[in-house]
Every structure is written in C-alpha cells, then in structure tokens.
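In case you want the letters, here they are:
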There are 2 protein chains.
Amino acid sequence: MATDATQTEPPEAYTALLDEIKRYNAVESATEVLSWDQQVMMPEGGTPARSTQLSTLSSISHDLLVDEDIGRYLEELDDASLTPEQQAVVREIRREYVRAARVPRDLIEEISTATTEALGAWESAREHDAFEEFAPHLERLVELKRQYAEHIDPDADPYAVLFAEYEPCLSLSKTADILDELQETLVPLIEDIRAADADLATDAFEGTFDTDSQESLSREVLATLGYDFDRGRLDTSTHPFTSGNQFDARITTRFDESDPLGAITSTIHEFGHAYYTLGLPDDAFGTPLGSHRDLSVHESQSRLWENHVGRSAAFWELLLPKLQEAFPQTSELSAREAYEAANQVHDENLIRVEADELTYHLHIIVRFRIERELIGGDLAVDDVPDRWNRLYEEYLGITPPSDALGCLQDIHWSHGNFGYFPTYSLGSVMAAQLSAAADRELDDLDGDIRGGDFDALGEWLRTNIHQHGRRYETDALVEHATGEPLSADAFTEYVTEKYSALYDL
Amino acid sequence: MATDATQTEPPEAYTALLDEIKRYNAVESATEVLSWDQQVMMPEGGTPARSTQLSTLSSISHDLLVDEDIGRYLEELDDASLTPEQQAVVREIRREYVRAARVPRDLIEEISTATTEALGAWESAREHDAFEEFAPHLERLVELKRQYAEHIDPDADPYAVLFAEYEPCLSLSKTADILDELQETLVPLIEDIRAADADLATDAFEGTFDTDSQESLSREVLATLGYDFDRGRLDTSTHPFTSGNQFDARITTRFDESDPLGAITSTIHEFGHAYYTLGLPDDAFGTPLGSHRDLSVHESQSRLWENHVGRSAAFWELLLPKLQEAFPQTSELSAREAYEAANQVHDENLIRVEADELTYHLHIIVRFRIERELIGGDLAVDDVPDRWNRLYEEYLGITPPSDALGCLQDIHWSHGNFGYFPTYSLGSVMAAQLSAAADRELDDLDGDIRGGDFDALGEWLRTNIHQHGRRYETDALVEHATGEPLSADAFTEYVTEKYSALYDL
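Just so you know, these numbers come straight off a predicted model, no measurement behind them.

Rules used in this analysis
Residues numbered from 1 in each chain as written. Chains lettered and ligands numbered in written order. Predicted model: local features only at pLDDT ≥ 70, side-chain atom pairs only at ≥ 80, totals over all residues. Heavy atoms only, no water. Domains from an automatic or database assignment. Buried area = accessible area lost by both parts, 1.4 Å probe. Salt bridge = Lys/Arg side-chain N within 4 Å of Asp/Glu carboxyl O. Helix = DSSP H or I, 4+ residues; strand = E, 2+ residues; numbered from the N terminus. Contact = heavy atoms within 4.5 Å. Polar contact = N/O pair within 3.5 Å; in protein donor to acceptor, adjacent residues only side chain to side chain. Nonpolar A, V, L, I, M, F, W, Y, C, P; charged D, E, K, R; others polar. Core = buried A, V, L, I, M, F, W, Y, C linked by side-chain atoms within 4.5 Å. Buried < 20%, exposed > 50% of the residue type's maximum accessible area, 1.4 Å probe, protein only. Axes fitted to C-alpha atoms, helices over the stretch in contact; angles between N-to-C directions. Parallel < 35°, antiparallel > 145°, perpendicular 65-115°, else oblique. Pairing = 2+ DSSP bridges. Patch = residues over 30% accessible without salt bridge, like charges linked within 9 Å, V, L, I, M, F, W, Y side chains within 5 Å. Areas by Shrake-Rupley, 256 points an atom, 1.4 Å probe, with all protein chains shown as cover. Lys, Arg positive; Asp, Glu negative; His and termini not counted. Charge placed at Lys NZ, Arg CZ, Asp CG, Glu CD. 1 Å grid on protein atoms, 1.4 Å probe; cavity = no way out; pocket = protein on both sides within 12 Å on 5 of 7 lines; lining within 4 Å. Points joined across faces, edges and corners; volume = space filled by probe spheres on them. UniProt positions renumbered as here; feature names shortened; annotations may be inferred. Least-squares fit on C-alpha atoms with pLDDT ≥ 70 in both.

1. What about the domain arrangement of chain A?
All names here are of chain A.
Move 1: For chain A, the assigned domains are domain 1 (1-102) and domain 2 (211-343 + 425-472).
Move 2: Its C-alpha centre places domain 1 at a distance of 29 Å from the equivalent point of domain 2.
Move 3: Summing the contributions of domain 1 and of domain 2, the shared interface buries around 1,500 Å²; its carbon and sulfur component is 57%.
Move 4: Summed over the shared surface of domain 1 and domain 2, the number is 3 salt bridges.
Move 5: Arg293 is the salt-bridge partner of Glu92, the closest N and O atoms lying 2.8 Å from each other.
Move 6: Those elements that provide at least two residues to the side of domain 1 that touches domain 2 are helix H1 (12-40) and helix H4 (84-102).

2. So, the interface of chain A and chain B
Move 1: At the junction of the two partners, chain A supplies 36 residues and chain B supplies 36 residues.
Move 2: At the junction of chain A and chain B, the tally comes to 6 salt bridges.
Move 3: In this assembly, chain A and chain B are joined by 12 residue pairs in polar contact (both at pLDDT 80 or more).
Move 4: The set of elements that each furnish at least two residues to the side of chain A that touches chain B consists of H1, helix H2 (47-65) and strand E3 (248-253) of chain A.
Move 5: For the side of chain A that touches chain B, the element with the highest residue contribution is H2 of chain A, accounting for 11 residues.
Move 6: Split by residue class, the side of chain A that touches chain B holds 17 nonpolar, 9 polar and 10 charged.

3. Description of the nonpolar core
One recurring pattern in soluble globular proteins is that nonpolar side chains are buried together.
Move 1: Core analysis: the biggest nonpolar cluster contains 129 residues, and Phe205, Trp305, Phe315 and Trp316 of chain A have the highest contact counts within it.
Move 2: When residues no more than four places from it in sequence are discounted, the contact partners of Trp305 of chain A are Leu225, Ile268, Phe271, Gly272, Tyr275, Gly310, Phe454, Leu457 and Leu461 of chain A.
Move 3: Ranked by size, the runner-up nonpolar core spans 128 residues in total, among them Leu144, Phe163, Ile268 and Ala490 of chain B.

4. A short note on the pattern of salt bridges
Move 1: Scanning the model with the defined rule gives 78 salt bridges over all chains in all.
Move 2: With a closest N to O distance of 2.7 Å, Asp78 of chain A and Arg94 of chain A form a salt bridge. Of the two residues, Asp78 of chain A is situated in the loop between helix H3 (68-76) and H4 and Arg94 of chain A in helix H4; the sequence distance between them amounts to 16 residues.
Move 3: For Asp78 of chain A, a relative accessible area of 48% puts it in the partly exposed group.
Move 4: In this structure Arg94 of chain A comes out as partly exposed when scored by relative accessible area, which is 28%.
Move 5: The partner of Arg50 of chain B in a salt bridge is Asp37 of chain B, with the nearest N and O atoms 2.9 Å apart.

5. Notes on the packing of H2 of chain A against helix H1 (residues 12-40) of chain B
Move 1: Look at H2 of chain A against H1 of chain B: their axes get within 9 Å of each other, and the N-to-C directions meet at 105 degrees. In terms of axis orientation, H2 of chain A runs roughly perpendicular to H1 of chain B. Here Arg50, Thr52, Gln53, Thr56, Leu57, Ser59, Ile60 and Asp63 of chain A of H2 of chain A lie close against H1 of chain B, whose contacting residues are Arg23, Ala26, Val27, Ser29, Ala30 and Val33 of chain B.
Move 2: Per-class residue counts for the contact of H2 of chain A with H1 of chain B are 6 nonpolar, 5 polar and 3 charged.

6. Regarding the environment of Glu12 of chain A
Move 1: With respect to the helices, strands and loops of the structure, Glu12 of chain A is situated in helix H1.
Move 2: The spatial distance from the C-alpha of Glu12 of chain A to the C-alpha of Leu77 of chain A is 9.5 Å, given a sequence separation of 65 residues.

7. Quick notes on the sheet that holds strand E1 (residues 234-236) of chain A
Within a sheet, adjacent strands bond to each other through the backbone by hydrogen bonds, running parallel or antiparallel.
Residue and element names in this part refer to chain A.
Move 1: Here we have 3 strands laid out as an open sheet, ordered E1-E3-E2, and mixed in their pairing. Each of the sheet's edge strands pairs with one partner strand only, and the pair in question is E1 and strand E2 (242-245). Pairs of neighbouring strands in the sheet enclose a mean axial angle of 20 degrees, with direction left out of account.

8. A look at a negative patch on the surface
Residues and elements named next belong to chain A.
Move 1: A contiguous patch of negative charge, built from Asp177, Glu181, Glu184, Glu479, Glu484, Asp489, Glu493 and Glu497, is present on the exposed surface.
Move 2: Put simply, the parts of the chain that give the negative patch at least two residues each are helix H8 (172-196) and helix H20 (489-502).
Move 3: Within the element layout of this structure, Glu493 appears in helix H20.

9. Looking at the sheet that holds strand E3 (residues 248-253) of chain B
All names here are of chain B.
Move 1: Overall, mixed pairing links the 3 strands, which are arranged E1-E3-E2 in an open sheet. Both outer strands of the open sheet, strand E1 (234-236) and strand E2 (242-245), are each paired with one neighbouring strand and no more. Averaged over all pairs of adjacent strands, the angle between their axes in this sheet comes to 20 degrees, without regard to strand direction.
Move 2: Of the strand pairs in this sheet, E1 and E3 are connected by 3 bridges, and their pairing is parallel. Residue Leu234 lies in a different strand from E3, and its bridge partner there is Ile251.
Move 3: Together, E2 and E3 form the strand contacts of helix H10 (residues 260-279), whose direction differs from that of E3 by roughly 170 degrees.

10. With respect to the environment of Ala125 of chain A
Residues and elements named next belong to chain A.
Move 1: Along the polypeptide, Ala125 turns up in helix H5 (residues 105-128).
Move 2: Here Ala125 falls in the buried class, since its relative accessible area comes to 0%.
Move 3: Put simply, Ala125 and Leu408 are 283 residues apart on the chain and 7.6 Å apart in space, counted from C-alpha to C-alpha.
Move 4: If we skip the residues at most four places from it in the chain, Ala125 touches Ala130, Glu133, Phe134 and Leu408.

11. Quick notes on empty space enclosed by the protein
Move 1: By the definition in use, this model includes 4 cavities of 30 Å³ or more.
Move 2: For the largest cavity, the calculated volume is near 90 Å³.
Move 3: Lining the largest cavity we find Ser29, Glu32, Val33, Trp36, Ser243, Gly244, Asn245, Asp248 and Arg250 of chain A together with Arg50 and Gln53 of chain B.
Move 4: Of all the secondary-structure elements, those providing two or more residues to the lining of the largest cavity are H1, E2 and E3 of chain A together with helix H2 (47-65) of chain B.
Move 5: When the residues that make up the lining of the largest cavity are grouped by side-chain class, the tally is 2 nonpolar, 5 polar and 4 charged.
Move 6: Composition of the lining of the largest cavity by domain shows at least three residues from each of domain 1 (1-102) and domain 2 (211-343 + 425-472) of chain A.
Move 7: Space inside the second largest cavity adds up to approximately 40 Å³.
Move 8: Every residue along the wall of the second largest cavity is listed here: Gln214, Leu217, Ser218, Pro260, Ala263, Ile264 and Phe327 of chain B.
Move 9: Of all the elements in the fold, those that place two or more residues in the lining of the second largest cavity are helix H9 (211-225) and H10 of chain B.

12. Quick word on the UniProt feature "binding site: Zn(2+)" (unreviewed entry) in chain A
All names here are of chain A.
Move 1: UniProt's entry tags His269, His273 and Glu299 with the feature "binding site: Zn(2+)" (unreviewed entry), counted in the numbering of this structure. In terms of the greatest pairwise C-alpha distance, the residues named above, spread along 31 residues, form a tight cluster of at most 8.8 Å across.
Move 2: By secondary structure assignment, the location of His269 is in helix H10 (residues 260-279).
Move 3: What His269 contacts, discounting residues up to four positions off in sequence, is Glu299, Ser302, Arg303 and Glu306.
Move 4: Within the secondary structure, Glu299 is located in helix H11 (residues 295-309).
Move 5: Excluding residues within four positions of it along the chain, Glu299 makes contact with His269, His273, Thr423, Tyr424 and Gly427.

13. So, the relation of the copies chain A and chain B
Move 1: The transformation that overlays chain A on chain B combines an axial shift of 0.0 Å with a rotation of 180 degrees, and the residual RMSD is 0.0 Å. Within this description, the copies of the chain are treated as partners about a two-fold rotation axis. Considering only C-alpha atoms, the residue of chain A closest to the rotation axis is Leu34 of chain A, which sits at 3.6 Å.
Move 2: Mapped onto chain B, 100% of the interface residues of chain A again fall at the interface, so both copies present the same surface.

In structure tokens:
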C-alpha cells in the first residue's frame, strides 16, 4: 500500500519506540548531571554513594535500551512507511540497540570492574613511573575489549568495531587514510618550522596572571562568542569538559597562574562543544534528532572555535584590549605578538594535551598505531613502552625520558577506550573543512571575528550542523554543509598556509 | 525448627530483598542530587530537561519499589527467623512497599500533574493575592489525596493516612494531644510576654551586614559545630535546605544584608539536619538501617541545634568575638544583648518561616486544624481564608491583611502535602526532650557550648539517635534515648522556664 508518509500519523510502533528511547535518554542525561556534579561539586567523601548511584543508573539504562519491546518495535518498523526524518530516527536507535543487545550483561559488568581496577592501577603506575603495574590491567582490558568486539561482529576487524563505538558513520580505512595524510603533511612541515629558527614572540605570556582576572576574562570571552548563561554555567575542574543538553550545557575550565593562554583556549574549546549542544533542537530532546552526531563532529565544533576563531590573528586583535584591561602587565603587547604566542609550535613537548595545533596529530597517530596493533594482536602489552618511545622519536624527534611522560600519560586506555583517540584528529580535520566553507559562504568572517560579531558564524553552524542532530550520517552531514564528504584537504591547506606565513617558510 | 538467627546467614529472600531495595534507594538518592542541582546550580533554562529526568526517575523508582519480587520476598520472610535488626529492615521495607503498591499508578500520575499545575497557580495566586486562582487546584488536590488515602486504607481517617506518609510511627491522636498541650501552654505564655512589656535588646542587629562576612561567619560556625566539609558543602538557595546521605550531606542557607541572625540560625538549623544524615551508618547506605527515621526525628535534630544550642545564652558567649570580628559595628554589643535579640518574641509576625520559637507552633496549629478539616470534609476550600484569619485572630491575636500574607504563604498544600505541618512541631517537642536528656547525662553541656566543644553532644546524638537509622520506631527511639516515649513535657518546661526568665514574668 503506497501511502504518503509525510501526510499520515507515524505508525504506532514508531511512537512507542520514541517513548521508550526518551525514557532511556532521560536516564542517560540524568547520569550526566551526576557525573558533572562528581567532577565539579561533590565533596571528596561522597564517592561511595555516587559510585552506587552511577552503577545502578548504568544498569537501569542498559536494561531500558535492550528492552525486548524496543527490539519488537524495530522489527515492526522494518517495512513501515516512514518520512526521511523518521527513517533517520529508526536507523540511529537500531544501531545503538543492536550493539548493546549483542553484548552479554556479564561481559559489560566484567569490563566495568576491570576499568575501575585499571584506573587505580594506572594512577599508581603513572605516579611511580612503573608501567609494569599497569601492564596486567591493560592486558586484561585488551582481551575483554576483543571479546566485546567479537560479540558485536565476529567477522569484523575488532579494532574497527571498537572505533565504531565512537564513530559509527566513518569507516576505519577512511580514518587511517586521513591520518596518513596528516602525517605526510605534518612531519615535513614541523621539520621545516624547526629548521627555520624564526623569532616568534614566545615569551609574550611569561609571568603571573591572577586567576580571578582569568576567570572574568573567560566569562567575557564566552559572552562575546555567544554563550547563553541562562542555559549554562562556567566552573572549574581538573580536566576541562562540557556536559549537558540543549537546555543546559555546562562548561568547565581550569586556571593556572602561569598560563593564561591555556585557560583562554580551553574555555573557547569547551564553548565550541557547548554551543553545538545548545544548538540541538529543543523539541527533539531525548531522541536522535535532538542528540549530537558522533565524537568527530563534536570535536569539529570545539576545534573550529578553538583554532579557526581563537587562534586567528583577527581574534587576537579583538581580544587585546580586554586582555590588557584584565592584565596590565600586557599593556606593551601587540596583537601580532599575542597571536604568535598562541600559535607557537613547541620543540620538545611530550604531552598530548599541551600540544600545539600541528604536533597534536602526531601524538594522536602514535596512539592510533599502537592501540590498533594491540587490539589486532600485533603488539604485546609489554612492548608498548618501547614502541611508544620509538614512534615518538620517529614522528616527533623526541624520546620520552619516562613512561609517566610517555605511554602512561593518557587516561583513555585505563577506561578501556580503544579507538577513541583518532576522533580528536578527525575533529580537527572536519573543523578545517567547515571553517573553509563558512569562510567562503559568509561575507567577511575575518572582519566579523575582529569586530566581535559571531552571529553569522553561529547561524551558519546552527543551520548546517547543529539543528540536524543525527538526521544525517557524518559524511552526509559534512557534504551537506561543505559540498564534499570529509577529507584532509582543507586541513592540510590551512596548516600549510598558516604556519608557512607564521614561520616565514 | 529453632535456629539462632544471629549465628546463621540471613535467608536468601532477605539478601535478595536488600539488593532490590538498595537499587531503589540508589535511584532515590540520585534523584536527590538532581533536585539539589536544580535548586542550587541549574541555569534557569534547564527546566524542561530536568523535569523529564526527574519524572522518568520517579516512575522508575516507583516501579522498583512495587516490583513483584519485593512482594514475594516479603511474603517469604513472613515466618522467617530473623535477627532484631533484620526484622526492623523487613518491617520498614514492608511498610513502604505496602503503601506504594496499594496506590494505582494512574492516580500517582494524576496527582503529579495536578501538583505541577497547582504550583503554578499558587505562585500566581500569591503574587496577585487572589485565593480564587488557587482554590480549584486546592479542591482537586484535596479530592485526589482523599482518593489516595482511601486506596491505602479505606477504613481509616484519610487525614491520618496522609499524616502517616511523613510520620508512620506516631499516631495522629497522640500528635493532636501534643499540639493541644502546646496550644494550652503557649497561648497564655505569649499573652504574658506581650503584657510584660520587657525591654529586650531587639535592635541589636539593625543596620547592614555584608553577605561575604555572613558567609565566612556561617562557615566558621559550621566548622565549630563539627560539620565535615569533606562530606558536605555550603551553598545558597532561595529556601534553605539540606540534601544528601551519610557520605555527602549538603547544606544551603541564604544571606540577607539586613538580617544576619536569619543566616546564622538557618545555617545552624540545616547543620542539625546534615549532622544527623552524616551520622547514619556508612555500611548500611541504601537500606533502612542507613536511612533517617521520619520527619519529626529529622526536625528534632535541626531544632535541637538551632534552639537548644544556637539560641542559648552560652552559645552567644561563644559566638560574640567571632561576630564582632566579622562585623565591627557590633563591637559594643554584649553576649546578653545578642542572646535577647535571638530570642525575641515577635508581636505582629504573620509569616511562619519568620516566627520565633513560641509563636511558631501556633502557626502550625492553625494549619493542622485547617488541613484536617479540609481532608475530613468539614471545611470547604472556599472557606479556608476566613477560617485561617479567624484562627490567627484567636491564637495569635493578629489578622492577616491579605491572603498572600495569610493562607497563601506556604508551598506545602500546592505540593499536595497534607499532614506535613505537624511534623515541624513534633520535631521541636522531641528536640526539647532530647536536649533535656543530653543535659542530664553530659557533665557540663552549657560549659561545652560556651567553650565551643561540641564533641560530647555530638557523640551523644550519634550514639542515641543517628547510628540507629530506622532500627527503632519513633517512640522506641525516643524512649531509648531519654527513658520515656515522646511527650510535650520537656518542651513546655523548657519554654516556660526560658521565656519567664527572659521576659521577667
């Protein structure tokens, strides 16, 4: 029977499915509030109660997702006549349901226990610079995550299955190609930069910058970019992060007296995440159309604001007077010097989270290669430190003096998150492509930034990315916004041009 | 078969029951975090998402409590051989389960919708001083709550059934007797006070007191009383409250430049609540033995600290130097004057939450009479304002000039909370009885307070009240602690003695 789906009520199974998924997502978003509170507000002693609350909600939420009703509704909707939007909703719920339903509950609990134990061991191993303390836990997590992947798809490359947890709409082979391209561009570019011996204003932010003024400046920057404080907050936490939904997207940052640039860039980065979240449609809250696309898309939003706005020359012209008002010691600084300081490529940096816009991706590529080899069975856990150090030498020309500053620096593997790292680089690549498209389509993006007018850029992102939620898969979303599927071209062009000019190559 | 229950493992059904109830309580305590966040941290725009989260968790938590497994375990445990502690656990779970299981889900949802609507109508009615806006909502809530009570026990007085929601272990008739006694003591005592025309230092706290100093002083008071900031926080909210569990019990207060006494007493009041919560046993978290007894017991803890510590002459001797350091304008004040100001009986106060230690209970008794008549069908909703004003005239000698300052002042009825008010007075009565017992048993409570040493009092409360959770029912708990079941004797003695001395009667 041919019906015009746009003219009719959705099938009953669709409405019922939506109700179930809203319930599931309500628990998920409640969990996020508890987790925000834990990192930002909770007194230290609260841990035992919070752990119980979180593990109970996690088991309830899992039960809600794999509920047999959801399976039945999805089956009923197999041949239903649906609008394109409804099809997208069903596609997204089905993907999530299938993954969750295939993994046995016991394994999920085993992984949960193993990660809790691994986290403690990782903290201790890092403190003592003793990789051997962490190794058995890493071994166990690799094994459990392989099993996990096998349950989801016994015929697929297990690392690809794990990667799809974070990036279900982009293939691993495409991702690997993009990372190869980055490496090909960045390794020689960084070599050239080091050889150039240019005289950048690297000491522009030396000295002490009081944290109250840093906070005021961060709030002013957020207000200027268009952050809606009626739907958000700014707080501090050990690791900056963004949390929430379209009604309430909260940012954290951190303030370090010796590093005012760190607070500014991390605040802008988190603004990008929150601005995306706040742009998801209100009326689709709790459904795929009101939820963010995958990690690369989220990271594209944070990177676009952090790098293409916050590290632009125009932005530092805008910020200079505010900066000088907050910190009188910068009264002699020029916008150009501030811009140079914000874009300095570090020679000796070993730490990913402190890396500049170029070396950052080499840090990622090292992790990508290693975790892929680990999960694929091509690298033994005991050989990780050595492999790590060799790759750092090869790609970055530096050798970590310790595992604490080397392969123990990131928390991700102790969470069992294999396949997460590449999404950071994909985000930067996507940010460059989106930024280039916005620049083409908007009258004068550079002038807007210089003038502190972010309406047009905000509107462009709202229209092309945010409002769609998960309506489109990633490549389609990027193509919809930029005319082309995701590729590394815009990024390599952007960095080559920007850094050639900066370092006079 | 006679077994020694203390020597054996608990029956399987008991362990299974405990697991289920922990799950239920984990959701309840997660909900409390969300509710705290809503009142203290959430940006205004977050309401739609938060409402969805809360209503979903509420329905999940209800489902967990009325789960048929719980019913089956309870049945299996009917004739089981249990230790006294296990018996108490089963008794408490059974009581909660039976109440919840008897009320149809539809009715709960109808009440939830009705209260949401009533809340909005009440806010508007109070703003416009228009009782008629609220009346139809009150009518509906009275009717729904009558139905609610009938489901729980069709043969009982519906008001008694509603009262038992907050106070399951104290009978309504005993409560009514206690309130009658309060009235008999307080009405003539207040008349005497008014007639005495004594010259108390009522203007001791006139002027402006900056709120930052008020906050520092509140924190100092909390630390002196023994609040553990590693298991709690102090924040501000419109209405002060305490929230949390034995690992994380948070206090809010409010600061008013013209009323430093208000912040001090409300902070001490909330400390009492939090100190009780923090004294519940860690290892019984999520079970009845790790949960607080009913509202009167909770309120007894807040009132004990607020009135018997915080409004004592000894306390003001302790506080005076801290007060004078925080507020140089009080440098001429004596401890006696501060004590008098903190204990002033107000002539014309219409508002319950601003009432002194004596008139407070007459405010409560008015509400108790009215809500009992309403639920009993002896008073029409339209007659509430008139009845309210007449009772105020009769008991307090004042007539509210408006319903906004009269029967619309409290939020409780718009929440459908009929039977809640009397628990406030029961709390004060219990506080007096506990305080008198502690005073008898401790070496020198007054000296301890004067010296800022609260260890002995804290330990006495921990031992006699907090550590028991719900092990004992209320009267047994009070008798355990004081040698007698709850009565108004200690309270009437306390107020008569204290206020006769203060007002030179």
